[in-house]
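What follows is each chain in one-letter form.
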Amino acid sequence: MMRLGKRAAVVTAAGVLAAASVTGCSGSIDTDAVVATVGDEDITLGVANFYARLTQGEYETYYASMMGMTAEDMWAQEYDEDNTFEEQTKDSIMESLEDMYVLSQHASDYDIALTEDEENAISDAADQFDADNTDEAKEAVSGYKKDIEKVLELITIQNKMDGAMKEGVDEEVSDEEAAQKSMQYVLFSYTTTDDSGNSTELTDDEKAALKTTAQGLVDRVRAGEDFAAVAEELGVEAQTATFDSESTSPNEDLIAAADALANEGDVTELVETDNGIYVGELTSLLDREATDAEKETIVEQRRQDQYDSLLKDWKDAVKIEVNDRVWKKVDFIDQGVTIVTPEENTDTSGDSGNAADGNTDAADSGTADESGSTDDGADSSAE
């Protein structure tokens, strides 16, 4: 059984596959082990592991640092009371795999199949991945030709099915159904911020004075003055927003007050919130641009609803089983993945061997040793 050291780099075809730098410690897995069945079709551990590692790499590369934590801490954190973030992500990955297999099984319903060009592109991408990476790196992510080709085949068919399954919905939407109003508004905030970025909440007396100022805006605009001009004079900036009765931003109470106004140019009463006092002026009962955009949103939602309904019916009609014991072999904490691009992978120090075509090392501290094997999958014990 081969065990990886702390990091092995995986470089892939740009624009086709996510590239990855593999961290952690993982043993060989039986890529032919069955991790799930969808009807009469098996999902092998090799396919599931490769797809999972691509997803894992995106999270570890782009999200862990944004969240201010290590990848290991990110995966270990609680997602909800029942699951860690790793467990929730793996559940989502398995659901995506099930969806793709079901869609592939129904592709013939829409006369969808891979073209010769698509098959050649998939084969070329798998060959490029193989050429660019070491055996240790490919072992870590199940980066073998048959597994890569199957994942890319599933993704390609899913993309083609997406459009076909969304065709035929009613694209007529009335102005009444999509109607969007518009307003301008201001917030008299209950906090002030100094030059150093420190926030201070107003005292009760200051809040009372602010309320008087806000009421002054209402009174002056109702008397005929310009909303934005008065707001600027009072030290606040008028913002604009389009909305309907179900909108929640910038504030639900403000939306409700503005939505109740009958005429363009009407002004709300003071809308007091925990953060401050809002005042809004209705500027349009039917914002044409926003309404037309909402029509497009409604039609797209109809398409998505049709797609989701079809997929749900197909999944309900087929038996799907997951082998949790095998799926457990895919461990994000013991085996990390960080995405790199071929352009980024230019270090030729060759800690444990260079990838093909000048691409860089596939492992810094990636020496392998022998370890005891486990059945049906990876030896996921940490070094």
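Residues numbered from 1 in each chain as written. Predicted model: local features only at pLDDT ≥ 70, side-chain atom pairs only at ≥ 80, totals over all residues. Heavy atoms only, no water.

### Side note on the sheet that holds strand E8 (residues 239-243)
Inference 1: In spatial order, the strands read E8-E5-E10-E9; together these four strands make up an open sheet with antiparallel pairing. If you trace the sheet from one side to the other, it starts and ends with E8 and strand E9 (271-272), each paired once.
Inference 2: Relative to strand E10 (residues 276-284), strand E5 (residues 181-189) is paired through eight bridges, and the arrangement is antiparallel. In the sheet register, Ser 189 faces E10, and the bridge partner there is Gly 276.
Inference 3: Running at roughly 15° to E10, helix H8 (residues 204-222) makes contact with E5, E9 and E10 of the sheet. (Pairing = 2+ DSSP bridges. Helix = DSSP H or I, 4+ residues; strand = E, 2+ residues; numbered from the N terminus. Contact = heavy atoms within 4.5 Å. Axes fitted to C-alpha atoms, helices over the stretch in contact; angles between N-to-C directions.)

### Examining a negative patch on the surface
Inference 1: On the surface, a cluster of negative charge is made up of Glu 78, Asp 80, Glu 81, Asp 82, Glu 87, Asp 91, Glu 95 and Asp 324.
Inference 2: Residue classification places Glu 81 among the exposed positions, given a relative accessible area of 75%. (Patch = residues over 30% accessible without salt bridge, like charges linked within 9 Å, V, L, I, M, F, W, Y side chains within 5 Å. Areas by Shrake-Rupley, 256 points an atom, 1.4 Å probe, with all protein chains shown as cover. Salt bridge = Lys/Arg side-chain N within 4 Å of Asp/Glu carboxyl O. Lys, Arg positive; Asp, Glu negative; His and termini not counted. Charge placed at Lys NZ, Arg CZ, Asp CG, Glu CD. Buried < 20%, exposed > 50% of the residue type's maximum accessible area, 1.4 Å probe, protein only.)

### Side note on helix H4 (residues 116-132)
Inference 1: A rise of 1.5 Å per residue sets the reference length of H4, with its 17 residues, at 24 Å; its end C-alpha atoms lie 24 Å apart and thus fit the reference within 8%.
Inference 2: Buried residues of H4: Ile 122, Ala 125, Ala 126, Phe 129 and Asp 132, and no others. What you see down the axis of H4 is that its buried residues fit within an arc of 135°, all on one side. Exposed and oriented more than 90 degrees from the buried face of H4 are Glu 116, Asp 117 and Asp 124. (Expected span 1.5 Å × (residues − 1). Arc of directions from axis to C-beta.)

### Here's the deal with the sheet that holds strand E4 (residues 41-44)
Inference 1: Sheet architecture is open: three strands sit in the order E4-E3-E11, paired in antiparallel fashion. Looking at which strands have only one partner, the edges of the open sheet turn out to be E4 and strand E11 (320-322). Ignoring strand direction, the axes of neighbouring strands in this sheet form an average angle of 20°.
Inference 2: Sheet topology note: the strand E3 (residues 34-38)/E11 ladder contains three bridges and is antiparallel. Bridge pairing links Ala 36 to Val 322 in E11.

### Things to note about the packing of aromatic side chains
Inference 1: For the structure shown, the criterion picks out nine aromatic pairs.
Inference 2: Aromatic side chains Tyr 185 and Tyr 278 sit 6.2 Å apart centroid to centroid with 50° between the ring planes, which places their arrangement in the tilted category. Here Tyr 185 is found in strand E5, whereas its partner Tyr 278 is found in strand E10, with 93 residues between them in sequence. Judged on exposure class, the residue Tyr 185 and its partner Tyr 278 are both buried.
Inference 3: Through a chain of ring-to-ring contacts, the aromatic side chains of Tyr 59, Tyr 63, Trp 75, Tyr 79, Phe 85 and Phe 332 assemble into a single cluster.
Inference 4: Lys 90 extends its terminal NZ or CZ atom over the ring of Trp 327, reaching a point 4.7 Å from the ring centre.
Inference 5: One cation-aromatic arrangement involves Lys 166 over Tyr 307; the distance from NZ or CZ to the ring centre is 5.7 Å. (Phe/Tyr/Trp six-rings, centres within 6.5 Å; stacked < 30°, edge-to-face > 60°. Lys NZ or Arg CZ within 6 Å of the ring centre and 35° of its normal.)

### Describing the confidence of the model for the protein
Inference 1: Per-residue confidence for the protein gives a mean pLDDT of 84, with 81% of residues at or over 70.
Inference 2: Here residues 1-19 is a poorly scored stretch, pLDDT under 50, and it has 107 contacts once near neighbours within four places are set aside; other chains count.
Inference 3: Residue range residues 346-383 is modelled with pLDDT below 50. Its contacts to residues more than four positions away, or to other chains, number 103 contacts. (pLDDT = per-residue confidence, 0-100.)

### Quick notes on unusual backbone geometry
Inference 1: With omega at 10°, the peptide bond leading from Ser 249 into Pro 250 counts as cis.
Inference 2: Located in the positive-phi region is Asp 111, a residue other than glycine, with phi close to 55°.
Inference 3: Positive phi values are uncommon outside glycine, yet Ser 142 reaches one of about 55°.
Inference 4: Here Ser 142 is to be found in the loop between helix H5 (135-141) and helix H6 (145-165).

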